[in-house]
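The lines below spell out each chain.
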Amino acid sequence: MTQTATDYPGQGAISVRGLVMRFGEVEVLKNIDLEINKGEVVCIIGPSGSGKTTLLRCVNLLETPTAGDIVVNGFNVTDSECDIDGMRRSIGMVFQQFNLFPHLNVLQNLTIAQTKVLKRSKMDAEKTARHNLERVGMAHKESAYAPQLSGGQQQRIAIARSLSMNPALMLFDEPTSALDPELVGEVLAVMKSLAKEGMTMMVVTHEMAFAREVADRVVFMDGGYVVEEGSAEQVIGNPQHQRTKSFMFRVLNPTMVEEGDEFPTSAVGGSSGAENLAIALDTNFNRGQGS
Ligand SMILES: Nc1ncnc2c1ncn2[C@@H]1O[C@H](COP(=O)(O)OP(=O)(O)O)[C@@H](O)[C@H]1O
Ligand SMILES: [Mg+2]
C-alpha cells in the first residue's frame, strides 16, 4: 500500500540512520544517526561546510541520500513506496532567505500554496493564513508587500506561510543569519513560541542563547559527522570533544585567534571565555518582540 502523509502515526518525529550523502567523489555526510522525537527542539550547530544544510535537505527530501534510512512521521521516505510529495508537504522549511513573492501581498503569499497545492478554497486558505499571521504577530500587515517590510517581518511571514501548510514538523536553516542584528530577536521569539506549542523543530543556528534556552538537545556537526550531542548545557556549556571546544571557543571569542594561528592569543586581551559565554547568552534572544 502506498504510504501517504495524510495521517501521521509518528507525527513530527524524525529518525536518521546511517545516512551517507556523496556529491560525486566528495562525502559530505558520513554515517549520520539522529533521532528527533515528536515535540522536541533540536539545534544543529557546527562550522560552515560541516554538512548541516545537506542534512536538512535530506530530511526534507530535497536530496536523495547515497545510503541510509530516513523515517519521517513514521514513514520511511527512502522507501520507493512512500508518497514523497505528500511527505514533503508535511515538512515546513524556513531558509535564511525568505523568498516571499514581491508582487503578491502578505495574505496572497500565505494562500497561494494552500489553494494551488492543498486545493483549499480561497475562504479556508485565508482563514488559515490569518490565524498564522496572528501567531507570528503580523496580522496587521496582511495587505503589505514584501519590499515594504523589514527582514525580521518578512521572516516571520515566511514562518507563517510555512505554518499555513499545517506541517507536522519544521526545519529551519539559519533563519536569522541574513537579518540585521536588531531584528534577530523578534524571529527567535516566534520560534520560541512555536517550540512552546509543541512543534517538532530541527534548527540550524549560530544563536547560542536561543539554543541554550529553547533546545531540548544540541547536536554539534563537523566534517560530515555528528561529533557530539546532548543537552545545551552539556554541548555549549561544557563540551567534551576537542573539535566542539574549539568551535565554541571561536564562536564565543570571535576576535581571538587560537594557538598556531597567525596572531598570538596573548595580544588580544580582555574578557575571559566565561565572561564571553555570559555575554553571548544574553544577546539577541532577550531583545523582545518587534512589531
Ligand atoms: N549540491 C552539491 N554538490 C557538491 N557539493 C555540495 C553540494 N551541496 C553541498 N556541497 C558541499 O557539501 C559540504 C557541506 O555543505 P553544507 O551542507 O552546505 O554545509 P553547512 O550547511 O554546514 O555549511 C560543503 O563542502 C559543500 O561545498
Ligand atoms: Mg548551511
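Residues numbered from 1 in each chain as written. Chains lettered and ligands numbered in written order. Predicted model: local features only at pLDDT ≥ 70, side-chain atom pairs only at ≥ 80, totals over all residues. Heavy atoms only, no water.

S.K.: Would you mind going over the overall build of the chain in detail, with residue names and values included?
M.R.: For the chain, the count of helices and strands is ten helices and ten strands. Scored against the burial criterion, the 291 residues of the chain give a buried share of 50%. Considering only intrachain contacts with a sequence separation of at least 6, the fraction spanning at least 24 residues in the chain is 67%. (Helix = DSSP H or I, 4+ residues; strand = E, 2+ residues; numbered from the N terminus. Buried < 20%, exposed > 50% of the residue type's maximum accessible area, 1.4 Å probe, protein only. Contact = heavy atoms within 4.5 Å.)

S.K.: Give me the pattern of salt bridges: which residues, what numbers.
M.R.: Two side chains bearing opposite charge may form a pair once their charged atoms approach each other closely. Evaluated as defined, the whole model comprises 14 salt bridges. For the salt bridge of Arg-22 with Glu-27, the shortest nitrogen-to-oxygen distance reads 3.0 Å. With relative accessibility at 40%, the residue Arg-22 sits in the partly exposed group. Close ionic contact of Glu-186 with Arg-156 constitutes a salt bridge, the shortest N to O distance being 2.5 Å. Of this pair, Glu-186 sits in helix 6 (residues 181–196) while Arg-156 sits in helix 5 (residues 151–163), placing them 30 residues apart in sequence. Residues joined by salt bridges that share partners form a network here, namely Lys-122, Glu-126, Arg-130 and Glu-142. (Salt bridge = Lys/Arg side-chain N within 4 Å of Asp/Glu carboxyl O.)

S.K.: Mind laying out the sheet that holds strand 4 (residues 67–72), listing which residues take part and the relevant values?
M.R.: Taken together, the four strands give an open sheet; going across it, the order is 2-1-4-5, and neighbouring strands pair in antiparallel fashion. What marks the edges here is a single partner per strand, and that holds for strand 2 (26–36) and strand 5 (75–76). Across two bridges, strand 4 lies against strand 5 in antiparallel orientation. Paired with Val-71 across the bridge in strand 5 is Asn-76. (Pairing = 2+ DSSP bridges.)

S.K.: Give a description of the nonpolar core that names residues and reports values.
M.R.: Within the largest apolar cluster, 49 residues are counted, with the highest numbers of intra-cluster contacts made by Ile-159, Met-170, Phe-172, Met-191, Met-201 and Val-218. Of the residues forming this core, the biggest block, eight residues, is contributed by helix 6. Ranked by size, the runner-up nonpolar core spans 30 residues in total, among them Leu-19, Leu-55, Phe-75 and Val-219. (Core = buried A, V, L, I, M, F, W, Y, C linked by side-chain atoms within 4.5 Å.)

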